[in-house]
2 protein chains.
Amino acid sequence: MEKIKVAINGYGNLGRAVELAVGRSADMELVAIFTRRDPADLETASGLAAPSSEMARWVGNIDVCINCGGSATDLRDQTPEASTLFNVVDTFDTHAAIPQHFAVVDQVARENDRLALISTGWDPGLFSLNRLIGESILPEGETYTFWGPGLSQGHSDALRRIEGVAAAVQYTIPNEGALDRIHAGEHLELTTREKHRRECWVVLADGADGDAIRETIVSMPNYFADYDTTVNFISQEEFDRDHTGMPHGGTVIRQGQTSEGTSQVISFKLALDSNPEFTGAVACATARAVARMAAEGQRGAITLFDVPPAKLSPEDPAQLRKRLL
Amino acid sequence: MEKIKVAINGYGNLGRAVELAVGRSADMELVAIFTRRDPADLETASGLAAPSSEMARWVGNIDVCINCGGSATDLRDQTPEASTLFNVVDTFDTHAAIPQHFAVVDQVARENDRLALISTGWDPGLFSLNRLIGESILPEGETYTFWGPGLSQGHSDALRRIEGVAAAVQYTIPNEGALDRIHAGEHLELTTREKHRRECWVVLADGADGDAIRETIVSMPNYFADYDTTVNFISQEEFDRDHTGMPHGGTVIRQGQTSEGTSQVISFKLALDSNPEFTGAVACATARAVARMAAEGQRGAITLFDVPPAKLSPEDPAQLRKRLL
């Protein structure tokens, strides 16, 4: 069988992760990495690099292009643009803007006879899928999402913007006690402060005032003021040793009743050593499905909600039924 | 919008559970309950009851028929038979016989222009789906399935067949310590005895010899000999008070690496107060998908692996994207 020809558009953390994932997929082949930088300056693991301005030359030689733009702003343009040329996958994750992004991509993809799947990954992505399945099976109930333990990029950035902070990360820690009670079927109304706490690990710049910085952090509106926040000061050495990974994860729980007093709990949990590598792995499996669904004639924009799960696997459907059902 | 017209074929624990679930689904309507018994003797919650010998009279008035035969043996005939008349869902759960059942149903359904989804529920069903998704995203890794804490019907039956046992249930209890270690990314090779233990609650008949019965149980091949089995003797009163529910559940874990030393763990867990009611709820959501996919022209046999998840929900796809993605 011919391999699925994949392109990566944008080579940051996510692009590198997709490159890894495609490399581990025997049925897929990476044929191009597009970059807005000078390809000569780009060191990719695969050695591939082509200027994104020349993407149009690849039409007909790429089954699916995975857009790995570093921010939601990138993808807002990158996905419609790439959809004029290729079948596309993206990880667009600005939840509130998804309907708008979907509408734009859907129109462009239809006009250009392409299939484009937006917002894959884990949230949006696998978490969304579990919310959907949970609600569909248990229509009367409650869905809870907890994030972490994991590194929050936005909150870490907020710490680093404080004067006197040389380096910093923030971990979001779910309230495990609340999780256990929900798993046991208890219905909880939780405030923001009760759901998660925030743990900061900060390296101070020379001469910085730790007490003042701690106060700035814990009182920072939107980011930390509404949470129980702890601030730990550590050395740069300790920081480099223990805090350079990008772990993340979380739990989606659907708690419902099928009859009066009969509680049923479905939960889905991720514990990830590397957030970008996992997102890249999800994007790679999604790309496999998109290449196949496009080959079968599907067009326009879709999401993971529209993908028959068997399409995510390289294996023959009869084998899947025999081995996994 | 017109409601999806549902029939139930077979009225045991599962049939009753599907009746409950359809009753809680605003977009579905129960129109018939077929039984091999005398309908006059059948007390259904909805008041519906029709002889299964007259099923053919309902052709054209049922969008999907949920086969609720009490055993895999029933379904082996019931599903192909019903597939000559209706689109069908079943919960066929003899894992080893699934390929054969699929082949038979596929042929009958195609010949009769029907769509039939086999082996929905949670295992096979949601657990299978999570095995598939886990493998597709993390191709290098290991899948673990733990069952329980929950009541095992087969093992409870085995206890009840022992002379001197008046009543009995058996609960399968997963090794929580092993589960925690796997969640933490540790790779474990577990023997049968290490994965689960078996807890028996037994009411002795008058004059029965407890010690002899305990010995018979713990040494019973296939059922108990390979496990750490505890036997508790209780009164009939205690049994009736604490052991008449049908709780079950379990956990599917996919543990993989996306690069050397980078561990990623996906886990899916069910904690069910009522095994049949949950299976019925899954069958009901599955029936919604089958009615829609059949209306779109799909034919033959399928499984949950082939169902785009959005089809399981009564909600509009745009709403789903906005609210859940």
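This is a predicted model, so every value here is computed, not measured.

Calculation criteria
- Residues numbered from 1 in each chain as written.
- Chains lettered and ligands numbered in written order.
- Predicted model: local features only at pLDDT ≥ 70, side-chain atom pairs only at ≥ 80, totals over all residues.
- Heavy atoms only, no water.
- Contact = heavy atoms within 4.5 Å.
- Buried area = accessible area lost by both parts, 1.4 Å probe.
- Salt bridge = Lys/Arg side-chain N within 4 Å of Asp/Glu carboxyl O.
- Helix = DSSP H or I, 4+ residues; strand = E, 2+ residues; numbered from the N terminus.
- Nonpolar A, V, L, I, M, F, W, Y, C, P; charged D, E, K, R; others polar.
- Pairing = 2+ DSSP bridges.
- Axes fitted to C-alpha atoms, helices over the stretch in contact; angles between N-to-C directions.
- Least-squares fit on C-alpha atoms with pLDDT ≥ 70 in both.
- Buried < 20%, exposed > 50% of the residue type's maximum accessible area, 1.4 Å probe, protein only.
- Parallel < 35°, antiparallel > 145°, perpendicular 65-115°, else oblique.
- Left-handed = near helix turned anticlockwise from the far one by under 90°.
- Phe/Tyr/Trp six-rings, centres within 6.5 Å; stacked < 30°, edge-to-face > 60°.

Novice: When you look at the interface of chain B and chain A in this model, what are you seeing that I'm missing?
Specialist: Size of an interface: often given as the accessible area lost when the parts come together. Every contact between the two is made by 64 residues of chain B and, on the other side, 64 residues of chain A. In this assembly, chain B packs against chain A so that about 5500 Å² is buried in total across both faces, 61% of it on carbon and sulfur atoms. Scanning the region where chain B abuts chain A turns up four salt bridges. Residue glutamate 135 of chain A pairs with arginine 323 of chain B through a salt bridge whose shortest N-O separation is 2.7 Å. At the level of elements, α3 (98–111), α4 (126–137), β12 (248–259), β13 (262–272), α10 (275–295) and α11 (317–324) of chain B are the ones that each hand at least two residues to the side of chain B that touches chain A. For the side of chain B that touches chain A, the element with the highest residue contribution is β13 of chain B, accounting for eleven residues. A per-class count over the side of chain B that touches chain A returns 32 nonpolar, 17 polar and 15 charged. Direction of pairing for strand β13 (residues 262–272) of chain A relative to β13 of chain B: antiparallel, over a ladder of nine bridges.

Novice: Can you help me understand the sheet that holds β12 of chain B in this one?
Specialist: Each strand in a sheet pairs with its neighbour through backbone hydrogen bonds, running either in the same direction (parallel) or in the opposite one (antiparallel). Strands sit in the order β7(A)-β12(A)-β13(A)-β13(B)-β12(B)-β7(B) across an open sheet of six strands; the sheet is antiparallel. Here the strands that pair on one side only, and so sit at the sheet edges, are β7 (141–147) of chain A together with β7 (141–147) of chain B. Taken over all neighbouring pairs, the strand axes of this sheet differ in orientation by 10° on average, direction set aside. Here helix α6 (residues 176–183) of chain B sits on the sheet and contacts β13 of chain A together with β7, β12 and β13 of chain B; the angle it forms with β12 of chain B, its principal contact strand, is near 30°.

Novice: I keep staring at the relation of the copies chain B and chain A and nothing clicks. Help me out?
Specialist: Here two copies of a chain appear, and what relates them is a rotation about an axis with a shift along it. Between chain B and chain A, the superposition needs a rotation of 180° and an axial shift of 0.0 Å, giving an RMSD of 0.1 Å. This pairing of chains is accounted for by a two-fold axis. Interface overlap between copies is the fraction of interface residues in one copy that are interface residues in the other; for chain B against chain A it reaches 100%, indicating a shared surface.

Novice: Help me out: how do you make sense of the sheet that holds strand β5 (residues 88–90) of chain B in this one?
Specialist: Residues and elements named next belong to chain B. Ordered by their spatial adjacency, seven strands build an open sheet running β3-β2-β1-β4-β5-β6-β14, and the pairing between neighbours is parallel. Strands with a single pairing partner mark the edges of an open sheet, and in this sheet they are β3 (50–51) and β14 (300–302). Relative to strand β4 (residues 64–67), strand β1 (residues 4–9) is paired through four bridges, and the arrangement is parallel. Considered in β4, the bridge of asparagine 9 is made with asparagine 67. Docked against the sheet, α10 engages β1, β2 (28–35), β4, β5, β6 (115–117) and β14, running at close to 145° with respect to β4.

Novice: I would appreciate a short explanation of the side chain of asparagine 9 of chain A in the present structure.
Specialist: All names here are of chain A. Here asparagine 9 is to be found in strand β1 (residues 4–9). Judged by relative accessible area, which is 5%, asparagine 9 ranks as buried. Aside from chain neighbours lying at most four places away, what touches asparagine 9 is Phe34, Ser52, Met55, Cys65, Ile66, Asn67, Cys68, Gly69, Gln78 and Ala82.

Novice: Could you clarify how one ought to interpret the packing of helix α2 (residues 72–83) of chain B against α3 of chain B in this entry?
Specialist: Residues and elements named next belong to chain B. Packing of α2 against α3 leaves a shortest axis separation of 8 Å and a crossing angle of 20°. With respect to each other, α2 and α3 are oriented roughly parallel. The hand of the α2/α3 crossing is right-handed. Residues Leu75, Arg76, Thr79, Pro80 and Ser83 of α2 touch α3, and the partners they reach there are His101, Val104, Val105, Val108 and Ala109. Split by residue class, the contact of α2 with α3 holds six nonpolar, three polar and one charged.

Novice: Just checking my understanding: could you explain the packing of aromatic side chains for this structure?
Specialist: Two measures describe an aromatic ring pair: the distance that separates the ring centres and the angle between the ring planes. Residues and elements named next belong to chain A. One pass over the full model with this rule turns up ten aromatic pairs over all chains. Ring centres 6.2 Å apart and planes at 85° place the aromatic pair phenylalanine 127 and phenylalanine 268 in the edge-to-face group. Of the two residues, phenylalanine 127 is situated in helix α4 (residues 126–137) and phenylalanine 268 in strand β13; the sequence distance between them amounts to 141 residues. Each member of the pair, phenylalanine 127 together with phenylalanine 268, is buried. For the pair tyrosine 223 and phenylalanine 224, a centre-to-centre distance of 6.4 Å together with 35° between the ring planes defines the contact as tilted. You can call phenylalanine 224 buried: its relative accessible area is 0%.

Novice: Would you take a moment to explain the pairing of β13 of chain A for this structure?
Specialist: Residues in a regular strand point their side chains to alternate faces of the sheet. All names here are of chain A. Across the eleven residues that make up β13, a large majority, nine, are buried. Where strand β12 (residues 248–259) meets β13, eleven bridges bridge the pair, whose relative direction is antiparallel. Its bridge partner being in β13, glutamine 257 is matched across the sheet by serine 263. Connecting β12 to the next strand, β13, in antiparallel fashion are two residues, including glycine 261 with a positive phi near 85°.

That's the geometry; what it means functionally is another story.
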